[in-house]
Amino acid sequence: MRKGLYTEVETEEFLKKYVPIAKHSFVHTQREAEAAVRKIGFPLVLKIISKGALHKSEVKGVRLVKNKVDFEQEYRDLVKVAKRKKLILDGILVQEFVEGEYVLMGLKKDPVFGHVIAFGVGGIYTELLKDVTFRVCPITSKDAQSMIDELKMRELLYGFRGGKKVNIAKL
């Protein structure tokens, strides 16, 4: 494992060895994207992959696509966004759309504590809600459960107001 910030594509390549992840394809051209769409199907998500756009929603770099017509327009729009924002575009991630809750999981090597794992509310709410908990690695299943239970937003994971429950064991 190399040091530094990982793009979403690099993270998913690492994670797929350990946990199920959404079907995806990392592409560099519209033709490659069209082939990926045929394999993945709709609905899907297109995401700008660039080290200059780690918070993709801030640059409007994530698009939910429900059909072929939308796909063609959204793909072109993402390329335009990258040019307009002067991003070095590594490519576009074509990803299966999976309904669920957003969580943040991170790992950092702290100079004092060594490796530290972060877990919390993810997506666009991470910085807004700051609902994140930390543990020094390694952690046990009991530690992981306590991290989940410390979150203010934990009820989302347990099926708040009839919502779908998250598979806590896999999480």
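A few points on the structure.

So, the overall build of the protein chain
Counting its secondary structure elements, the protein chain contains six helices and seven strands. Tracing the protein chain from N to C terminus, the helices and strands come up as α-β-α-β-β-α-β-β-β-α-β-α-α. Buried residues in the protein chain amount to 30% of all 171 residues. Here the analysis covers contacts within the protein chain between residues at least 6 apart in sequence; of these, 49% occur between residues at least 24 apart. When the accessible surface of the protein chain is summed, it comes to about 11,700 Å², and 57% of that surface belongs to carbon and sulfur atoms. Separation of charge centres in the protein chain, based on 32 positive and 22 negative side chains, amounts to 3 Å.

Examining a nonpolar patch on the surface
On the surface, Ile 124, Tyr 125, Leu 128, Leu 129 and Met 153 cluster together into a nonpolar patch covering about 480 Å² of accessible area. Looking at the element boundaries, Leu 129 is found in helix H4 (residues 126–129).

Observations regarding the sheet that holds strand E4 (residues 91–96)
Sheet architecture is open: four strands sit in the order E1-E4-E2-E3, paired in antiparallel fashion. Each edge of the open sheet is held by one strand with a lone partner, namely strand E1 (24–27) and strand E3 (62–65). Strand-to-strand, the axes of this sheet are offset by a mean angle of 20 degrees, without reference to chain direction. Judged from the four bridges that link them, E1 and E4 form a sheet pairing that is antiparallel. Across the sheet, the residue bridging to His 24 is Gln 95, located in E4. Contacts from helix H1 (residues 8–15) reach E1, strand E2 (44–49) and E4, with the element oriented near 45 degrees to E4.

Structural notes on the sheet that holds strand E6 (residues 114–121)
If you walk across this open sheet you meet the three strands as E5-E6-E7, and the pairing is antiparallel. A strand with exactly one partner marks an edge of an open sheet, and here the two such strands are strand E5 (103–110) and strand E7 (132–136). Between one strand axis and the next, the sheet turns through 20 degrees on average, direction left out of account. Pairing between E6 and E7: five bridges, direction antiparallel. In the strand pairing of E7, Ile 117 is matched with Arg 135. Where helix H5 (residues 141–150) meets the sheet, its contacts fall on E6 and E7, and the angle it forms with E7 comes to roughly 160 degrees.

Some points on the nonpolar core
Among the nonpolar cores identified, the biggest contains 19 residues, and Val 27, Leu 46, Ile 48, Phe 71, Tyr 75, Ile 92 and Val 94 are the most heavily contacted of them. Every element with two or more residues in this core is listed here: helix H2 (30–40), E2, helix H3 (68–84) and E4. In terms of residue count, the dominant contributor to this core is H3 (five residues). Counting residues in each nonpolar core, the second largest holds six residues, with Met 147, Ile 148, Leu 157 and Ile 168 among its members.

Side note on the packing of aromatic side chains
In the structure shown here, the tally under the stated rule is two aromatic pairs. Between Phe 14 and Tyr 18, the aromatic rings sit 5.3 Å apart at their centres with planes inclined by 50 degrees, giving tilted as the arrangement. A residue is classified by how much of its surface remains accessible, and Phe 14, at 30% relative accessible area, is partly exposed. When its relative accessible area of 59% is taken as the criterion, Tyr 18 is described as exposed. An angle of 45 degrees between the planes, with centres 6.1 Å apart, marks the rings of Phe 71 and Tyr 75 as tilted. With a gap of four residues between them, Phe 71 and Tyr 75 both fall in helix H3, about one helical turn apart. An identical accessibility class is assigned to Phe 71 and Tyr 75; each is buried.

Criteria and cut-off values
Sequence order as written defines the numbering, with residues in each chain counted from 1. Given that the model is predicted, a residue must reach a pLDDT of at least 70 before its local features are reported, and side-chain atom pairs must reach 80 or more before they are shown or counted; all residues, however, enter totals for whole chains, interfaces and linings. Neither water nor hydrogens contribute to the side-chain values; these are computed over all heavy atoms in the structure. Helical segments are the DSSP runs of H or I of at least four residues, strand segments are the runs of E of at least two, and each set is numbered from the N terminus. For each residue, the accessible area found with a 1.4 Å probe, counting protein chains only, is set against the maximum for its type, and the residue is called buried under 20%, exposed over 50%, and partly exposed in between. Note on contacts: a residue pair is in contact if any heavy atoms of the two residues lie within 4.5 Å. Accessible areas in this description were obtained via Shrake-Rupley with a 1.4 Å probe; residue shielding takes into account the shown protein chains only. A residue counts as positive if it is Lys or Arg and as negative if it is Asp or Glu; His and the chain ends are not included. In this description, the location of a charge corresponds to atom NZ of lysine, CZ of arginine, CG of aspartate or CD of glutamate. Two joining distances apply to patches: 9 Å for like charges and 5 Å for nonpolar side chains (Val, Leu, Ile, Met, Phe, Trp, Tyr), and every residue must have over 30% relative accessible area and no salt bridge. Any Lys or Arg side-chain nitrogen found within 4 Å of a carboxyl oxygen on Asp or Glu counts as a salt bridge. Pairing between strands is defined by DSSP: at least two bridges between them are needed. Every axis corresponds to a line fitted to the C-alpha atoms, with the helix fit spanning only the stretch in contact, and the corresponding angles, defined between N-to-C directions, vary from 0 to 180 degrees. Buried residues of nine kinds, namely Ala, Val, Leu, Ile, Met, Phe, Trp, Tyr and Cys, make up a nonpolar core once their side-chain atoms join them within 4.5 Å. Each aromatic pair joins two rings of Phe, Tyr and Trp (for Trp, the six-membered one) with centres within 6.5 Å, and gets the label stacked for planes under 30 degrees apart, edge-to-face for over 60, and tilted for any other angle.

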